[in-house]
Amino acid sequence: MKTKPPLVPLGTLIRRELRHGNVEKPTVNHGQAALAKKGEDYFLIKPDCERIPGNPSTSFSVFAIFDGHNGISAAIFAKENLLNNILSAIPQGCAREEWLQALPRALVAGFVKTDIEFQQKGETSGTTVTFVVIDGWTITVASVGDSRCILDTQAGVVSLLTVDHRLEENVEERERVTASGGEVGRLNIFGGDGVGPLRCWPGGLCLSRSIGDTDVGEFIVPIPHVKQVKLSNSGGRLIIASDGIWDALSSDVAAQSCRGLPAELAAKLVVKEALRSRGLKDDTTCLVVDIIPYGYPVLPPTPRKKQNLLTSLILGKKFQNSMNKAPNKLSAVGVVEELFEEGSAMLAERLGKDLALNSNSGMFRCAVCQADHDDVSGTPSSQPWEGPMLCSKCRRKKDAMEGKRSSVTT
Ligand SMILES: [Zn+2]
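These figures come from a predicted structure and were not determined experimentally.

1. Some words on the overall build of the protein
Here is step 1 of the chain: From N to C terminus, the protein includes eleven helices and 16 strands.
Here is step 2 of the chain: Scored against the burial criterion, the 410 residues of the protein give a buried share of 43%.
Here is step 3 of the chain: Within the protein, residue pairs in contact and separated by at least 24 positions form 65% of the contacts whose partners lie at least 6 positions apart.

This is the structure we're talking about:
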């Protein structure tokens, strides 16, 4: 007679799963909805990119929103060029882990390169960019402006993966803009107290970072805030949307309004909810992206209670305590591993210090535009530059962003 194998306690099973899990790639489902008022919102959906072209096992997805202002050309230009500019800043032949580690720096280089190229066209519009790369369970978000990306995890915790670059709400950015030669104040029509949100002058823009805005001032920089997180293998939902949504709905309300519904329907519902609460005052675009454990048809419904069985089993009391202290700090609740976060507007701090010397030709590669140069005159010895090699064009841009001089040669 055979004896039954001993039952493995659930906690052990879950621990084992967590240790060996995250092997199978999750499924990524998306939905999109929009309502136009001015027609200046654009978006990008590329679910089938490949790190190594022709090799489907190296696939990753890209989702982005571009909310243009003072015209549409910057939003269209960024939509068409940004992805390529980012990918060309990642060293060729990287393994997956290396590629993911190189991504935050490549996002910075790609944003700045796209801004320089747009500037050279001599057009005046600008755009916010919220750019999301999903590779397996790892999510990397880069953003300038105020189009947010939120993450709704299976533990019922909603958190912000972007930072709002609005002068009204961001003291650090106000100080940076002022220190770089911009003036920050409200619109003053009647000579009395200013009206409306804080803006920077010249130009009157409410944002402190964007792509484009050549005419506004170089202190409006294209250097993105970048955050990289790794989801637990219970999955999660991203809601990426322009300010038409976020001026009407809080992150929690947006997440709650569509929980348990497939992505396509969820995006429509978020837009509808924003319209219902505020009316159509602005362009409103919403992307919903579900990262779903392999083999599940849809994202499992989020438990009503903030603490579900799985997390309480693993983290016990510690989980409860940290929930009370910092409800939106993801790492504190153990549902997400925070891998990287950096928001500095200083290029030197974002690009690292290694020189990219091409061993074949002996030439230096500019860390921003990726062009090869044999002269290093872009790095004058009188002003020691701690960062990597920049060509003279990108060096001019760097100085201009720090308020030292204009990058536009007249
Ligand atoms: Zn360059």
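2. Regarding the pairing of strand β6 (residues 148-153)
Here is step 1 of the chain: Within β6, six of the six residues are buried, which leaves it mostly tucked inside the rest of the structure.
Here is step 2 of the chain: In β6, alternate side chains face the same way, and those of R148, I150 and D152 on one face and C149, L151 and T153 on the other are all buried.
Here is step 3 of the chain: Relative to strand β12 (residues 236-241), β6 is paired through six bridges, and the arrangement is antiparallel. Pairing of C149 across the sheet is with I240, part of β12.

3. Points about helix α3 (residues 96-119)
Here is step 1 of the chain: Over its 24 residues, α3 extends 33 Å from the first C-alpha to the last, a length consistent with the 34 Å expected when each residue adds 1.5 Å.
Here is step 2 of the chain: Largest kink in α3: about 40 degrees, centred on L103, with the proline P104 one to four residues after it.

4. Things to note about the environment of V158
Here is step 1 of the chain: Within the secondary structure, V158 is located in strand β7 (residues 158-160).
Here is step 2 of the chain: For V158, a count of 20 C-beta atoms within 10 Å gives the class buried.
Here is step 3 of the chain: The residues contacting V158, other than those within four sequence positions of it, are I150, D152, S251, D252 and A255.

5. Some remarks on the sheet that holds β12
Here is step 1 of the chain: Pairing is antiparallel in the open sheet, where five strands are placed in the order β1-β13-β12-β6-β7. Two strands bound the open sheet, and with one partner strand each, they are β1 (27-35) and β7. The sheet shows a mean angle of 20 degrees between the axes of neighbouring strands, direction not considered.
Here is step 2 of the chain: Relative to β7, β6 is paired through three bridges, and the arrangement is antiparallel. The residue bridging L151 from the neighbouring strand is S159, located in β7.

6. A short note on the pairing of strand β3 (residues 59-69)
Here is step 1 of the chain: With nine of eleven residues buried, β3 is to be regarded as a mostly interior element.
Here is step 2 of the chain: Pairing of strand β2 (residues 41-50) with β3 involves eight bridges; the strand directions are antiparallel. For I45, the partnering residue across the bridge sits in β3 and is F63.
Here is step 3 of the chain: Here β3 pairs with strand β4 (residues 126-135) via nine bridges, running antiparallel. Bridge assignment links G68 to a residue of β4, and that residue is T127.

7. Some thoughts on the nonpolar core
Here is step 1 of the chain: Ranked by size, the top nonpolar core spans 95 residues in total, and within it V132, I239, V270, C286 and V288 carry the most contacts.
Here is step 2 of the chain: Of all the elements, α3 adds the most residues to this core, at nine residues.
Here is step 3 of the chain: A domain split of this core shows at least three residues from each of domain 1 (24-165 + 221-342) and domain 2 (353-410).
Here is step 4 of the chain: Residue contacts for I239: discarding those within four places in its chain leaves I150, D152, A254, A255, V270, C286 and V288.

8. Some thoughts on unusual backbone geometry
Here is step 1 of the chain: Each neighbour pair has its own omega, and for W201 with P202 the value is 0 degrees, a cis peptide bond.
Here is step 2 of the chain: Position of P202 among the secondary structure elements: in the loop between β9 (195-201) and β10 (211-212).
Here is step 3 of the chain: At N70, a position not held by glycine, the phi torsion is positive, near 55 degrees.
Here is step 4 of the chain: Note on placement: N70 falls in the loop between β3 and α2 (73-87).

9. Brief notes about the packing of α2 against α3
Helix packing for two helices is described by the angle between their axes and how far apart those axes are.
Here is step 1 of the chain: At a minimum axis separation of 9 Å, α2 and α3 run at an interaxial angle of 140 degrees. Classified by the angle their axes make, α2 and α3 are oblique. The interaxial crossing formed by α2 with α3 has right-handed handedness. For the pair formed by α2 and α3, the contact residues are A74, F77, A78, N81, L82, N85 and I86 on the first element and A106, L107, G110, K113, T114, E117 and F118 on the second.
Here is step 2 of the chain: Its residues placed into classes, the contact of α2 with α3 shows eight nonpolar, four polar and two charged.

10. Here we look at the confidence of the model for the protein
Here is step 1 of the chain: On average, residues of the protein score 85 in pLDDT, and 80% of them are at 70 or above.
Here is step 2 of the chain: In the model, residues 305-327 has pLDDT below 50 throughout and makes 29 contacts with residues more than four positions away in sequence or in other chains.
Here is step 3 of the chain: In this model, residues 378-382 is a region of pLDDT below 50 whose contacts with residues beyond four sequence positions or in other chains number six contacts.

11. What about helix α4 (residues 171-179)?
Here is step 1 of the chain: Along α4, the residues classified as buried are E173, R176 and V177. Summarising the axial view, the buried residues of α4 lie within an arc of 95 degrees, below the 170-degree limit, and thus occupy one face. Across from the buried face of α4, at angles greater than 90 degrees, the exposed residues are V171, E175 and A179.
Here is step 2 of the chain: If you follow the buried residues of α4, they end up packed against β8 (183-187) and β9.
Here is step 3 of the chain: Phi for G181, located one or two positions after α4, is positive at around 105 degrees.

12. Some remarks on the environment of L339
Here is step 1 of the chain: Position of L339 relative to the elements: it lies in strand β14 (residues 336-342).
Here is step 2 of the chain: For L339, a count of 16 C-beta atoms within 10 Å gives the class partly exposed.
Here is step 3 of the chain: Here the alpha-carbon distance between L339 and T138, two residues 201 residues apart in the chain, equals 8.9 Å.
Here is step 4 of the chain: Excluding its chain neighbours within four sequence positions, the residues that come into contact with L339 are Q228, V229 and K230.

Rules used in this analysis
- Residues numbered from 1 in each chain as written.
- Predicted model: local features only at pLDDT ≥ 70, side-chain atom pairs only at ≥ 80, totals over all residues.
- Helix = DSSP H or I, 4+ residues; strand = E, 2+ residues; numbered from the N terminus.
- Buried ≥ 20, exposed ≤ 12 C-beta atoms within 10 Å, placed from the backbone.
- Contact = placed C-beta atoms within 7 Å.
- Pairing = 2+ DSSP bridges.
- Expected span 1.5 Å × (residues − 1).
- Bend = angle between axes of the 7 residues up to and from the residue.
- Axes fitted to C-alpha atoms, helices over the stretch in contact; angles between N-to-C directions.
- Core = buried A, V, L, I, M, F, W, Y, C linked by C-beta atoms within 7 Å.
- Domains from an automatic or database assignment.
- Parallel < 35°, antiparallel > 145°, perpendicular 65-115°, else oblique.
- Left-handed = near helix turned anticlockwise from the far one by under 90°.
- Nonpolar A, V, L, I, M, F, W, Y, C, P; charged D, E, K, R; others polar.
- pLDDT = per-residue confidence, 0-100.
- Arc of directions from axis to C-beta.

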